[in-house]
Amino acid sequence: MTDHQWLLFELPTLLAKIEPGSPRFQEVLRTPSLSCSIYHLPAGSTQMQSAHEEDELYLVLEGRARLRVGAEDQLVQKGSIMYVHTACDHAFFDIEEDLTVLAFFGAPLRLAQRGNAIQADPDLL
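Residues numbered from 1 in each chain as written. Predicted model: local features only at pLDDT ≥ 70, side-chain atom pairs only at ≥ 80, totals over all residues. Heavy atoms only, no water.

1. Points about the overall build of the protein chain
Then, number 1: Of regular secondary structure, the protein chain possesses two helices and seven strands.
Then, number 2: Listing every helix and strand of the protein chain by position from the N terminus yields α-β-β-β-β-β-β-α-β.
Then, number 3: When the 125 residues of the protein chain are sorted by exposure, 38% land in the buried category.
Then, number 4: Sequence separation of 24 or more characterises 66% of the internal contacts of the protein chain that already satisfy a separation of 6 or more.
Then, number 5: Roughly 7600 Å² of accessible area belongs to the protein chain as shown, and the carbon and sulfur atoms make up 52% of that amount. (Helix = DSSP H or I, 4+ residues; strand = E, 2+ residues; numbered from the N terminus. Buried < 20%, exposed > 50% of the residue type's maximum accessible area, 1.4 Å probe, protein only. Contact = heavy atoms within 4.5 Å. Areas by Shrake-Rupley, 256 points an atom, 1.4 Å probe, with all protein chains shown as cover.)

Pasting the structure below:
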């Protein structure tokens, strides 16, 4: 936990934590209203994501895959930004190239007003 009003993360530092060939989900930051994780899925892997109780925003840093949300799917690749509404079933699939995304999660409304502590992985600052 930290008392900082702001934090700086360097993308090369975040990406250096990724081990090629293995799935990884690493939380980078958690506050009462927001969290951020780096998510890596190797080419050919399968991922079955379920609905969450918070809104999500994904930014594709590397790779190419498809994202299914409900009954719809869309190609996503480096530079794609995807928003997924609370409680929507979704999953990345047909992962053609190693996929690395930054995943931002809004807090569930029931938690958003609790406290103001910021937690960050000190190795990623």
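Following the structure, the description resumes.
2. Some thoughts on the confidence of the model for the protein chain
Then, number 1: The pLDDT averaged across the protein chain works out to 83; a share of 80% of its residues lies at or above 70.
Then, number 2: Model confidence for the protein chain, summarised as mean pLDDT per element, is weakest for helix α2 (residues 109–112) at 50 and strongest for strand β4 (residues 72–77) at 95. (pLDDT = per-residue confidence, 0-100.)

3. Some thoughts on the nonpolar core
Then, number 1: Y58, V76, M82, F92, L99 and V101 are the most contacted members of the largest nonpolar core, which has 15 residues in total.
Then, number 2: At the level of elements, β2 (34–41), β3 (56–69), β5 (81–84) and β6 (90–106) are the ones that each hand at least two residues to this core.
Then, number 3: With six residues, the top contributor of residues to this core is β6.
Then, number 4: Grouped together as the second largest cluster of nonpolar side chains are eight residues, L14, I18, L29 and L61 included. (Core = buried A, V, L, I, M, F, W, Y, C linked by side-chain atoms within 4.5 Å.)

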